[in-house]
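So you can see what is in the structure, the chains are spelled out below.
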Amino acid sequence: MVGLDLLAEYLSKYSPILIFIVLALGFGLVTLALSYLVQPKYPEAEKLTTYECGSEPFSDSRMPFPIRYYVIAMLFVIFDIEVIFLYPWAITFYDLGIIGLIEMLIFIGLFVVAYVYAWQKGALEWD
Amino acid sequence: MASLVFFYFASIILLTASLVVIFRNPVYSALSLLVMFFHVAGLYVTLHAEFLAVVQIMVYAGAILVLYLFVVMLLNVKREERFHGQTNVAMGLGAIMLVESFLLMLQGDTSWLSLEATPNPETMAKGNVESLGEVLYSTYLFPFELASLILLVAMVGAVILSKKGILESKSS
């Protein structure tokens with residue numbers, strides 16, 4: 001059971017994160033519960049409708065989105081993954097030497113191709 | 001205490017993963033998937049894979065889930081009823097698979113049962129990200145470069161699928 005003891009010791013380093021999660025959840029729940037308990041309750045049909053900046057709601061909020069949002073989300077995911085690969089590269093940059101730089105230049109070069117393609121095809125335009 | 005942590009994460013993962021297919025409102029399914037992603041990240045932490053845990057939250061919970069929600073909103077699916085007639089068949093097949101995997105686990109080599117989840121002390125001495133970087137940019141160089149090519153293909157596919165008039169202008 002030596003392994004489990006080690007694991008318990010290791011996980012105890014994460015107790016600040018646990019406290020943070022509990023505090024964040026507690027803040028939200030306590031605030032909502034408190035406002036629910038102390039608020040005056042005079043419900044009316046008008047009051048219970050969805051608040052839309054003062055104007056009357058005219059349709060369901062679940063309407064189809066334009067597909068342009070999907071392209072933006074896809075581009076975001078792709079460049080997000082690119083940046084993830086940069087983290088371990090940056091940490092081991094000195095050990096890898098010039099080879100590491102060339103590897104990363106090839107990697108980023110392909111992303112530049114993708115970026116130029118998206119730009120040329122007008123995927124970044126909002127027309 | 002450590003196994004308690006594991007069983008907490010594992011049970012929440014199982015519960016939320018089941019809820020993804022049980023919920024009839026796809027937005028609820030997506031949010032249930034979000035809870036699952038966070039607990040998978042917790043499981044990675046118990047395996048000493050901190051970098052993977054952070055990537056799990058950043059990429060899956062941050063980016064992939066947004067993509068899923070966009071798809072749900074693009075298709076404007078309010079309630080999914082089409083696939084709920086399959087429940088009985090799916091439960092029967094799932095039960096058979098469960099029995100089969102139990103039999104395989106117990107009849108086969110059971111030496112793994114006494115193994116402990118302890119990482120290599122050599123990699124423990126260095127940072128998690130550092131040891132990952134060392135193998136990723138030397139031993140696994142080719143898969144790493146291949147990843148950028150796959151992402152390029154994904155980007156081209158997304159642009160072609162969503163942008164109007166790309167294929168028409170080429171043929172004309």
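Residues numbered from 1 in each chain as written. Chains lettered and ligands numbered in written order. Predicted model: local features only at pLDDT ≥ 70, side-chain atom pairs only at ≥ 80, totals over all residues.

## Re the overall build of chain B
Phase 1: Looking only at helices and strands, chain B has eight helices and zero strands in total.
Phase 2: When the elements of chain B are put in sequence order from the N terminus, they spell out α-α-α-α-α-α-α-α.
Phase 3: Within chain B, the fraction of its 172 residues that count as buried is 15%. (Helix = DSSP H or I, 4+ residues; strand = E, 2+ residues; numbered from the N terminus. Buried ≥ 20, exposed ≤ 12 C-beta atoms within 10 Å, placed from the backbone.)

## A word on the packing of helix α4 (residues 68–91) of chain A against helix α5 (residues 93–120) of chain A
All names here are of chain A.
Phase 1: With their axes 10 Å apart at the nearest point, α4 and α5 run at an angle of 170° to one another. Relative to α5, α4 is oriented roughly antiparallel. Mapping the contact onto sequence places Leu75, Ile78, Glu82, Phe85, Trp89 and Ala90 in α4 and Phe93, Gly100, Met104, Phe107, Phe111, Ala114 and Ala118 in α5.
Phase 2: Considered class by class, the residues forming the contact of α4 with α5 number eleven nonpolar, one polar and one charged. (Axes fitted to C-alpha atoms, helices over the stretch in contact; angles between N-to-C directions. Parallel < 35°, antiparallel > 145°, perpendicular 65-115°, else oblique. Contact = placed C-beta atoms within 7 Å. Nonpolar A, V, L, I, M, F, W, Y, C, P; charged D, E, K, R; others polar.)

## Side note on the domain arrangement of chain B
Phase 1: Parsing chain B into structural domains produces domain 1 (1–80) and domain 2 (127–172).
Phase 2: Centre-to-centre, using C-alpha coordinates, domain 1 of chain B lies 24 Å away from domain 2 of chain B. (Domains from an automatic or database assignment.)

## Some words on the interface of chain A and chain B
Phase 1: The interface of chain A with chain B comprises 45 residues on the first partner and 45 residues on the second.
Phase 2: If you list the elements that add at least two residues to the side of chain A that touches chain B, you get α1 (2–12), α4 and α5 of chain A.
Phase 3: For the side of chain A that touches chain B, a count of residues per class yields 36 nonpolar, four polar and five charged.

## Points about the confidence of the model for chain A
Phase 1: With 93% of its residues at a pLDDT of at least 70, chain A reaches an overall mean of 84.
Phase 2: Between the elements of chain A, mean pLDDT differs from a low of 68, seen in α1 of chain A, to a high of 93, seen in helix α2 (residues 15–38) of chain A. (pLDDT = per-residue confidence, 0-100.)

## A short note on the environment of Phe37 of chain B
Phase 1: If you trace the backbone, Phe37 of chain B turns up in helix α2 (residues 26–46).
Phase 2: Between the C-alpha atom of Phe37 of chain B and that of Ile13 of chain B, which follows or precedes it by 24 residues, the distance is 8.1 Å.

## A closer look at α2 of chain B
Phase 1: With 21 residues, α2 of chain B extends 31 Å from end C-alpha to end C-alpha; this agrees with the ideal 30 Å at 1.5 Å per step.
Phase 2: Along α2 of chain B, the residues classified as buried are Pro26, Ser29, Ala30, Leu33, Met36, His39, Val40, Ala41, Gly42, Val45 and Thr46 of chain B. (Expected span 1.5 Å × (residues − 1).)

## With respect to the nonpolar core
General note: in soluble globular proteins, nonpolar side chains tend to be found buried as a group.
Phase 1: Counting 18 residues, the largest nonpolar core has Met74 and Ile78 of chain A together with Met155 and Val159 of chain B as the members making the most contacts within it.
Phase 2: For this core, the secondary-structure elements that each account for two or more residues are α4 and α5 of chain A together with α7 (141–162) of chain B.
Phase 3: Residue contributions to this core peak at seven residues, all from α4 of chain A.
Phase 4: Excluding its chain neighbours within four sequence positions, the residues that come into contact with Met74 of chain A are Leu67 and Ala158 of chain B.
Phase 5: Counting residues in each nonpolar core, the second largest holds seven residues, with Ala30, Met36, Val40 and Val45 of chain B among its members. (Core = buried A, V, L, I, M, F, W, Y, C linked by C-beta atoms within 7 Å.)

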